[in-house]
Each structure stands twice: as structure tokens, then as C-alpha cells.
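Letter by letter, the chains look like this.
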Amino acid sequence: MSDKLTHKNILTKFAVQIKCMESNLLIDKSQDEARQGEAYASQSSSGVFQKHFYVESYGCAMNFADSEVVAAILEKNGFGGTKNIEIADLILINTCSIREKAELTIRKRLTEFRRLKQANPGVLVGVLGCMAERLKAQLLEEEKLVDLVVGPDAYRTLPDLIAEAGTGQKAVNVLLSRDETYGDIAPVRLDNNGISAFVSIMRGCNNMCSFCVVPFTRGRERSRDAFSILAECKDLFDKGFKEVVLLGQNVDSYYWSNPENNATTTFAMLLEQVAQIDPSLRVRFSTSHPKDITDEVLHIIVKYDNICKHIHLPVQSGSSRILQLMNRTYTREWYMAKIDRIRALLPTCSITSDIIAGFCTETEEDHQDTLSLLQYANYDLSYMYFYSERPGTLAERRYEDDVDLVTKKRRLQEIVDLQWTLSNESNKRDVGSIFEVLIEGNSKRNEAEWMGRNSQNKVVVFPKGKFDYKKGDYAQVKIQDFTKGTLLGELI
Ligand code: SAM
Ligand code: SF4
């Protein structure tokens, strides 16, 4: 069985952009996959620079946001971005380590750079991000063509590292920082639709979920200066963006203390301040750890129409025993109560999740608990994976990866099938409803149709008709039908 299914277009773009995806993910992430390995080039840079860099990004939204910071640092130091790898003096690959398959994809891609290096021995190849951090100098041993290895907190040193590598030395900086947030660096935006932008609000993670490599590759959690976040969001709005996505591994634990007066900013406060920039600026955020999302945050979401009614609340497992082994710090019952609370305060809110099948010691009973929790939570959408043991994690050190691959995949398939039914029912319930849709551009299939998203983050496609809408406008759309991952409507 292929370990990747094709429930095409089931995902909404924001969620798609946010998640890591490799082939042990069992739902189609067509748009997500389209972004994997995406090359960066800023529109402003063509023709201005003597030297060019090419960067491909893999993994989660944080990596894509980081590539925009890297682009800003390189542009300041004389390198212009290019999408043409053949003319690049510097080839960068921003990597993901979350599952084994992610790293294998990157290793394969590195072998493809060999031809370019042979043709032009002067070209430098650099590995950035989580895989650089996890493997450090070992990567230089294993991948001979790599010249630079740079961890996620060391991007400011890139110009020095490039100069060092230019002399024929291998250059490595994988130092993790307790305070680096790149808060003062204005990211150079990837050429995207000009409507929606990622804004990184924090880095690292303190949670130590036992399956997860992130705390080791991205270091301790730290929150970015609230003023710099607000300034970046305001600037995006002034440039015509209509949506900001506040990013962090655990956004609800955002906590910034102003060094000048010790005044503190919580996530609820930050969310409110971003929402107040302008009522026509949509605000999204991801990811929320269930233990950290508070009533205060939920009340802020209720209070502002422009804060999108969508919460990504990864459960990982429906079994309290497994949740404890995963170190998630909540039980099945506690999580269910959180779902009840969200539904009570925000009846129109969509809820999505991440689920891992086949974690260490998982029994059929545990698996049934996950399936019944899915039913209870009635998720609009989930990202589903089978467990992939990662070196150095708590789970790797403490537990045996004892669920065989066939069982992992079978359980994952059952989870995917159930989620598929739930997603379908969710779409069916939307038929007849009217949504405000932010238009992102032409529908892929038909230029006579617009594509956008509703507040719940579902993709909506509708005929342009005789109305004079443009990209970035809001339209009222009545839903009449749906396909697997798209609501189909008509302007009203
Ligand atoms: N901080 C976010 C959170 O807690 O949801 C995102 C973490 S990670 C980038 C995204 C998802 O990858 C996790 O929620 C989890 O479901 C999955 N994941 C992490 N480690 C994994 C592993 N070792 N095997 C399979 N899936 C994993
Ligand atoms: Fe990993 Fe858990 Fe942190 Fe998410 S919250 S990044 S799953 S350790």
C-alpha cells in the first residue's frame, strides 16, 4: 500500500501551509506538497545583485518563514534571490527532521545538486534548519558536497560562514540561542499571493512531547518583542496584505516582558492588538497546544470578527495512557472538556487536529480510543501520521518502537477513513450557509471562477459572474455544493 493517500484538496491552504508533510502522511496535501521544495526569489532583487542565492524550503510553516528571514539577511549582504538554480552562487536547502521520511527526501535532493557542483565547483551548498541542527558536523561527513551547515538560530552568521566556505573551508554554526527571535529583521516575502503572510511570534518549544524532535532542533521557547510583531503586521496591512498568520510551535504560551517597564504581553493580548490593526485584516494563528489555550484567548476570538473562527488543536492520541507516554500533559477527558468549551463559546468555529497512529505500546484498545475521540471532537480536518521514531527524543530513549509498520499503517488508514467521513459531513452541513470569503485569486481550474477561504479556513470556489471583485476583496458567498475539499458557492 502506498503510504500516501489522495483525498485531493481536502485541505485548506492555510492549514496546508502550516503542516509538515512527507509520504507517511495519509491525506493529500497537494498544495502543501506544491510548497515543499519551493524556491524563493524576491521580485525586487533581479538584476541588482552580483551574486545569487537559491533556497528551497521543506517542512512546516516556521521553515518557510525562516527562509524569508534568511533572504533578508542575504540581500543585505549582496546576494539576490533567484529561482534559477543554474545561475546560483549559493544553493541553500532549509530542512525538516520531524519524521524520518522528511530527512530522506532532503538527502535525495542533495544528491541532485551534485551535477551543479560538478559543473560549477565554485558554487556553495548549505543545509539550514532542523536537519542541520540535529546532525551538525556529521552532515559534512555524510554529504560531501555540503559546504555550510547552519542551525535555525545561527542565520545572522550566514555572511561570515559564506565567506569562510568561500575559502574552501567547511563552515558550521549550530549554536542554539535562548533569545534569538530575528525580531528586528523584516522578512523578505516569498513571492506568494500578496494576500496572506506568515508572522513568526516565537521560536523553539519547551514542551518535550516524547515523540518530538523539535525541542532539540529549535531549542528553548522564546517570545518575540510584541512591538516588532505589531509593526510587521501593520506594515503587511499597509502593503495590501489582508491576512496574517501568527506562527509558533505553541502560540498560546506566547509571553513577552517589556525590558523597559516589565509590562507583559500574553497571547490573548497580542491577538487582540493584532486584530485591532484594522477590521479588514484577518488574523489566524497556529499551533495551539490544548493545555495552553485559555478562556481568555477564546473570548478574544469571540470578540473580534476578523479573528478567524478556526482552531488547530492537535490531540495526537485519544488514549489517556498513550497521552501520558507522549508527555502531552492532558487526558482524553480533559481534552474533550476543552472541545466542549470551544463549541460552547464559538459554535461556528472549525476545529482541526494532528494524530499519530502506532505510538510505542499502542494497543487495539488505545487505537479504538483515538477513533472514538475523533468522533467526539468531530474534527473538520486532521493531519494524520504514523509514528516515526526520532533519534534523541524521550520516546527513543525510554520506549520500544514496538508497533509493526503494517499495523501502524492499517490503524492510520482507519483514522484517515473516519476523518474523511467527518470532513465530508462537515462540508455537507455548510450547504445553504452564507460565508464571507477572502478572495485569493483565480480558481486553479477555471479563470471564470474565484478561489478564497472562509473564516473557518475552508476553500470556497465560486463564479465571478458580472461582479467586479478583485483579489483581496471580501465577498458574500452562499454554499450550494461541495467536492472533496472545496465548497462550491455563488455570490449573493
Ligand atoms: N507544535 C506543533 C504541535 O504541537 O502540534 C507542531 C509540531 S510538529 C511540527 C507537527 C506534527 O507532527 C505533530 O503535531 C505530530 O502530530 C507530528 N509529529 C511530530 N513528531 C512525530 C513523529 N516522531 N512521528 C510522527 N508524527 C510526528
Ligand atoms: Fe513538538 Fe510537542 Fe513542542 Fe509541538 S508542542 S513542537 S509536538 S514538543
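Per the counting criterion, the structure on display carries five cavities of 30 Å³ or more. Estimates place the volume of the largest cavity at around 680 Å³. Together, 40 residues line the largest cavity, and Ile98, Cys212, Val214, Gln249 and Asp354 are the ones closest to its centre. Sorting the residues of the lining of the largest cavity by element identifies α3 (61-76), α9 (214-218), β16 (350-357) and β17 (381-386) as the ones contributing at least two each. With four residues, α9 is the single largest residue contributor to the lining of the largest cavity.

Let us look at unusual backbone geometry. Residues Ser286 and Thr287 are joined by a peptide bond in cis, for which omega reads 10 degrees. With respect to the helices, strands and loops of the structure, Thr287 is situated in the loop between β14 (282-286) and α12 (295-303). Notably, Thr329 is not glycine yet its phi reads approximately 70 degrees, a positive angle. Along the chain, Thr329 falls in the loop between α13 (320-325) and α14 (332-345).

Around ligand 1 there are 17 residues in total, and Arg99, Gln249, Gln316, Asp354 and Ser388 lie nearest to it. At 3.0 Å, a side-chain N or O of Arg99 approaches a nitrogen atom of ligand 1. Backbone polar atom of Gln249 to a nitrogen atom of ligand 1: 2.7 Å apart, as the coordinates give it. Summarising the interface, the protein chains cover 95% of the accessible area of ligand 1, which totals 560 Å² for the free molecule. For ligand 1, the cavity whose grid points lie within 2 Å of the majority of its atoms is the largest cavity. Among the secondary structure elements, those contributing two or more residues to the shell around ligand 1 are β16 and β17. Considering only residue class, the shell around ligand 1 consists of eight nonpolar, four polar and five charged.

Cut-offs applied
Residues numbered from 1 in each chain as written. Chains lettered and ligands numbered in written order. Predicted model: local features only at pLDDT ≥ 70, side-chain atom pairs only at ≥ 80, totals over all residues. Heavy atoms only, no water. 1 Å grid on protein atoms, 1.4 Å probe; cavity = no way out; pocket = protein on both sides within 12 Å on 5 of 7 lines; lining within 4 Å. Points joined across faces, edges and corners; volume = space filled by probe spheres on them. Helix = DSSP H or I, 4+ residues; strand = E, 2+ residues; numbered from the N terminus. Near = heavy atom within 4 Å. Polar contact = N/O pair within 3.5 Å; in protein donor to acceptor, adjacent residues only side chain to side chain. Areas by Shrake-Rupley, 256 points an atom, 1.4 Å probe, with all protein chains shown as cover. Sits in = over half its atoms within 2 Å of the grid points. Nonpolar A, V, L, I, M, F, W, Y, C, P; charged D, E, K, R; others polar.

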